[in-house]
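Observations on the model geometry
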Amino acid sequence: MELFTNQVLAGIATGAIYACMALAVVMIYQAIDHLNFAQGEMAMFSTFISWQLMQWGVPYWAAFVITLAFSFVAGIAIERILFKPLTKAPVLTNVAGFIALFAIINSSAGLIWDFTIKQYPTPFGSAPFLGSQLISTHQAGMIGVTVLLLLGLYFFFQYTRIGLAMRAAASVPESARLVGINTSWMIALGWGMATAIGSIAGMLIAPVVFLEPNMMGGVLIYGFAAAVLGGLTSPFGAVVGGFLVGIFENLAGTYIPGVGNELKLPIALALIISVLVVKPAGLFGRHIVKRV
Amino acid sequence: MSAAEEVVTEAPAIEAVPKRAMTLGTGTSLVVLAALLIAPVFVKNFIIFQMTMLLIYGLAVLALNILTGGSGQFSLGQSAFYAVGAYTTAVLMEHFNVNYALTLPIAGVVCFAFGFLFGQPALRLSGVYLALATFALATAMPQLLKLNFLEHWTGGVQGLVVTKPDAPFGLPMSQDMWLYYFTLVVVIAIYIFSVNLLRSRSGRAFMAIRDNEIAASAMGVDVALYKTLAFGVSAAITGIAGSLGAIAVQFVAPDSYTITLAISLFLGMVVGGVGWLPGSIVGAAFIIFVPNIAEGISKGLSGAVFGVLLFLVIYLVPHGARQVAIMGQQLAGRLRKN
């Protein structure tokens, strides 16, 4: 039983990261209807920026805030420069663009910071949390930051004018334009926020997976899986999906014989496909009715 | 926001380029064919090998083109079918001493079954959801090939070494050259089959589904059947490409068939032009040679250079090589008029 609780709690902690990643994926998906395959690399690059700042002697939380600001601006810049011209291009062209961005960021990070594995500090420490052996303070901190982030986003989208405008631009762009919302800038804003959220995920998971240019590969796949599981149209669903994927991944690795670390990913993905076959829009997604 | 219903008019997944045939004209085809036939005589074995790989990747891109350009379904999991084809050939050749040429149809049938079965649950998914499902298949495949109980057959992480065939009937050819011509014959046969398939009743059913699934089903097209059929055919052709790849490279190992391969094939299709079959070879050339060129420009930044080149392609010609071909045709037409 203790093993079980342990695995579930550890699952919730990693699930918090997947939830952040999934949230970032959903933010961009809502804005432009595409899955951003470069999301993980963007987060990795931000994490490197914060690491570099700390190497230069900037304290953790200052580096954290500067990185957030940098990521936000970088996200907007990427949208304005690279993806705005592709708005009218076919879907597949956009996907190719994301893959190109992935290659560019991955390779530049490798050149600037090389591919050796680096230690990344945690602001929470790694002692057992509140004297309990179940989770460490870092894991508790990860969950805490995710929850705060979620609350913040909830209030932003529910109670601010600009949050409302963003929701309007994402769901009915034509009508939003008619009431005077600059939908094109709302998309850029969505990119900026998604990049910032991704950078939080990166900085939280870096102490666990260590810092290197390929660190986000697996995390991004789980993030996608979580987003799709929860429903790509629902930020809330993305978060629930993230926690579910985290827990399931850990339990499958522990209890299904022969799975181990190698097969965790395929098993988690198989689960998701089974869920999708039963509920194609994900657990909390909007059901879309098509007409000719 | 959850569970709310929304009515949308779906735009077709594939953007229409000015309606043209999916193939080259007869004259151009013959010129290309002649060039492909004569070229190996003048070059070294290594270049012949690269040309063989070009044909093989071209075939795999063609298979994806039938699926996406034909029936409008995405797949980021083609590397899985490629791997199954490659392993079928390797296992048959090394454990059962089957002739290499015979392994191709067997790989085709195995992959057809595999693709058809995978198409069944995938039927309910579309767009990004299908992309994720196929992506999952591609990530899982290398791990599945490493499984312990398959190790006796697959060689586990070590992989299997495949013997390269000699030219038959004592023909005075190097192994590489023989394999090139063998591949060329297979590729031409499959190309002709694909062109005819897309022009047939089934092909029109694919395209009806691509352009508007609901309208197609209202007209009496069996959407489920044709969607899974498209998956099956695409998987079978990818599998044959995988078999040829295994013979050409003389080696199969789980890590040769990762998601990177699937992404490369996808990029090849986009660069070549979605739905334009001759573009497959152009796309294959892009994914084989551009990384080398990028490496030549800067070793450390090869990924970045590749990415920048890819961006240039999609900005300048969003519809890929197909667009270039159409522009060329129009230019030629204008010159003829003057």
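Residues numbered from 1 in each chain as written. Chains lettered and ligands numbered in written order. Predicted model: local features only at pLDDT ≥ 70, side-chain atom pairs only at ≥ 80, totals over all residues. Heavy atoms only, no water.

It is worth spelling out the overall build of chain B at this point. Across its full length, chain B carries 14 helices and three strands. Projected onto its principal axes, the C-alpha coordinates of chain B cover approximately 60 × 60 × 45 Å. Each of the 338 residues in chain B was classed as buried or not, and the buried ones make up 53%. When the accessible surface of chain B is split by element, carbon and sulfur atoms take 67% of a total near 14900 Å². (Helix = DSSP H or I, 4+ residues; strand = E, 2+ residues; numbered from the N terminus. Buried < 20%, exposed > 50% of the residue type's maximum accessible area, 1.4 Å probe, protein only. Areas by Shrake-Rupley, 256 points an atom, 1.4 Å probe, with all protein chains shown as cover.)

Check the secondary structure of chain A and you find eleven helices and one strand. Traced from its N-terminal end to its C-terminal end, chain A shows the element sequence α-α-α-α-α-α-α-α-α-α-α-β. Expected size for 292 residues packed as a compact globule is a radius of gyration near 19 Å; at 19 Å, chain A falls within 12% of this value. A principal-axis box enclosing the C-alpha atoms of chain A has dimensions of 55 × 50 × 35 Å. For chain A, the residues scored as buried account for 56% of the 292 residues in total. (Rg over C-alpha atoms; globule rule 2.2 N^0.38 Å.)

We now examine the packing of aromatic side chains. Residues and elements named next belong to chain A. Summed over the entire model, instances satisfying the criterion amount to 31 aromatic pairs over all chains. Plain terms: the ring middles of F83 and F98 are 4.7 Å apart, the flat faces sit at 25 degrees to each other, and that makes the pair stacked. Of the two residues, F83 is situated in helix α3 (residues 60–83) and F98 in helix α4 (residues 91–113); the sequence distance between them amounts to 15 residues. A relative accessible area of 0% places F98 in the buried class. Consider the rings of F83 and W191, whose centres lie 5.2 Å apart with planes at 25 degrees: the pair is stacked. Residue F83 is found in helix α3, and its partner W191 is found in helix α8 (residues 183–209); the two are separated by 108 residues along the sequence. Looking at R80, its charged tip hangs above the ring of W185, at a distance of 4.3 Å from the centre. Cation over ring: K118 sits above W51, and NZ or CZ is 5.4 Å from the ring centre. (Phe/Tyr/Trp six-rings, centres within 6.5 Å; stacked < 30°, edge-to-face > 60°. Lys NZ or Arg CZ within 6 Å of the ring centre and 35° of its normal.)

Now for empty space enclosed by the protein. Taken as a whole and assessed by the stated rule, the structure comprises two cavities of 30 Å³ or more. Looking at the second largest cavity, its volume works out to about 40 Å³. Contributing to the lining of the second largest cavity are L35, F37 and F224 of chain A together with L76, V128, A131, L132 and F135 of chain B. Tallying contributions element by element places helix α5 (residues 127–145) of chain B first for the lining of the second largest cavity, with four residues. By residue class, the composition of the lining of the second largest cavity is eight nonpolar, no polar and no charged. (1 Å grid on protein atoms, 1.4 Å probe; cavity = no way out; pocket = protein on both sides within 12 Å on 5 of 7 lines; lining within 4 Å. Points joined across faces, edges and corners; volume = space filled by probe spheres on them. Nonpolar A, V, L, I, M, F, W, Y, C, P; charged D, E, K, R; others polar.)

So, on to the interface of chain B and chain A. Every contact between the two is made by 55 residues of chain B and, on the other side, 53 residues of chain A. Between chain B and chain A the total buried area reaches about 4600 Å² when both faces are included, carbon and sulfur atoms providing 75% of it. The interface formed by chain B and chain A contains zero salt bridges. Here chain B and chain A share two residue pairs in polar contact (both at pLDDT 80 or more) between them. Among the elements of the structure, β1 (5–9), α5, α9 (213–218), α11 (259–272) and α13 (302–316) of chain B are those that each provide at least two residues to the side of chain B that touches chain A. Each residue belonging to the side of chain B that touches chain A can be placed in one class, and the counts come to 37 nonpolar, twelve polar and six charged. (Contact = heavy atoms within 4.5 Å. Buried area = accessible area lost by both parts, 1.4 Å probe. Salt bridge = Lys/Arg side-chain N within 4 Å of Asp/Glu carboxyl O. Polar contact = N/O pair within 3.5 Å; in protein donor to acceptor, adjacent residues only side chain to side chain.)

The terminal C-alpha atoms of α3 of chain A lie 32 Å apart, and with 24 residues this matches the ideal 34 Å at 1.5 Å per residue to within 8%. All of the buried residues in α3 of chain A are Y60, A63, F64, T67, S71, G75, I76, I78, E79, L82 and F83 of chain A. Residues of α3 of chain A that are buried in the fold lie against α2 (39–55), α4 and α8 of chain A together with α13 of chain B. (Expected span 1.5 Å × (residues − 1).)

All names here are of chain B. Summed over the entire model, instances satisfying the criterion amount to four salt bridges over all chains. Across the pair D211 and R210 runs a salt bridge whose closest N-O atoms are separated by 3.1 Å. A relative accessible area of 36% places D211 in the partly exposed class. A salt bridge links E213 to K227; its shortest N-O distance comes to 3.2 Å. Linking E213 in helix α9 with K227 in helix α10 (residues 223–249), this pair joins segments that are 14 residues apart in sequence. Exposure remark for E213: the relative accessible area of 33% places this residue in the partly exposed category.

Glancing now at the layout of surface pockets. Considered as a void within the structure, the second largest pocket measures approximately 1400 Å³ in volume. Looking at the second largest pocket, it is lined by 48 residues, and the ones nearest its centre are F102, N106 and N214 of chain A together with I259 and T260 of chain B. Put simply, the parts of the chain that give the lining of the second largest pocket at least two residues each are α1 (2–32), α4, α8, α9 (217–230) and α10 (235–255) of chain A together with α11, α12 (279–297) and α13 of chain B. Among the elements that make up the lining of the second largest pocket, the one with the highest residue count is α9 of chain A (seven residues). In the lining of the second largest pocket, the residues fall into 29 nonpolar, 13 polar and six charged.

Turning to the packing of helix α7 (residues 175–199) of chain B against α10 of chain B, a few remarks are in order. Residues and elements named next belong to chain B. At a minimum axis distance of 11 Å, the contact between α7 and α10 shows a crossing angle of 175 degrees. The orientation of α7 with respect to α10, classified from their angle, is roughly antiparallel. Residues L179, F182, T183, V186, I190, F193, S194 and L197 of α7 lie in contact with α10, whose contacting residues are V233, I237, I240, L244, I247 and A248. Residue composition of the contact of α7 with α10, grouped by class: twelve nonpolar, two polar and no charged. (Axes fitted to C-alpha atoms, helices over the stretch in contact; angles between N-to-C directions. Parallel < 35°, antiparallel > 145°, perpendicular 65-115°, else oblique.)

We now examine a nonpolar patch on the surface. Residues and elements named next belong to chain B. Nonpolar side chains collect at one region of the surface, where L37, I38, V41, F42, V43, F46 and I47 lie side by side and expose about 690 Å² of accessible area between them. Those elements that provide at least two residues to the nonpolar patch are α1 (26–38) and α2 (45–71). Mapped onto the elements of the fold, F46 is located in helix α2. On the basis of relative accessibility, which here comes to 54%, the residue F46 falls in the exposed class. (Patch = residues over 30% accessible without salt bridge, like charges linked within 9 Å, V, L, I, M, F, W, Y side chains within 5 Å.)

This paragraph deals with the side chain of S71 of chain B. Residues and elements named next belong to chain B. Positionally, S71 belongs in helix α2. A distance of 2.8 Å separates a polar side-chain atom of S71 from the backbone oxygen of L67. If we skip the residues at most four places from it in the chain, S71 touches I66, F206, I209, R210 and A230.

Read these as geometric descriptors, not functional statements.
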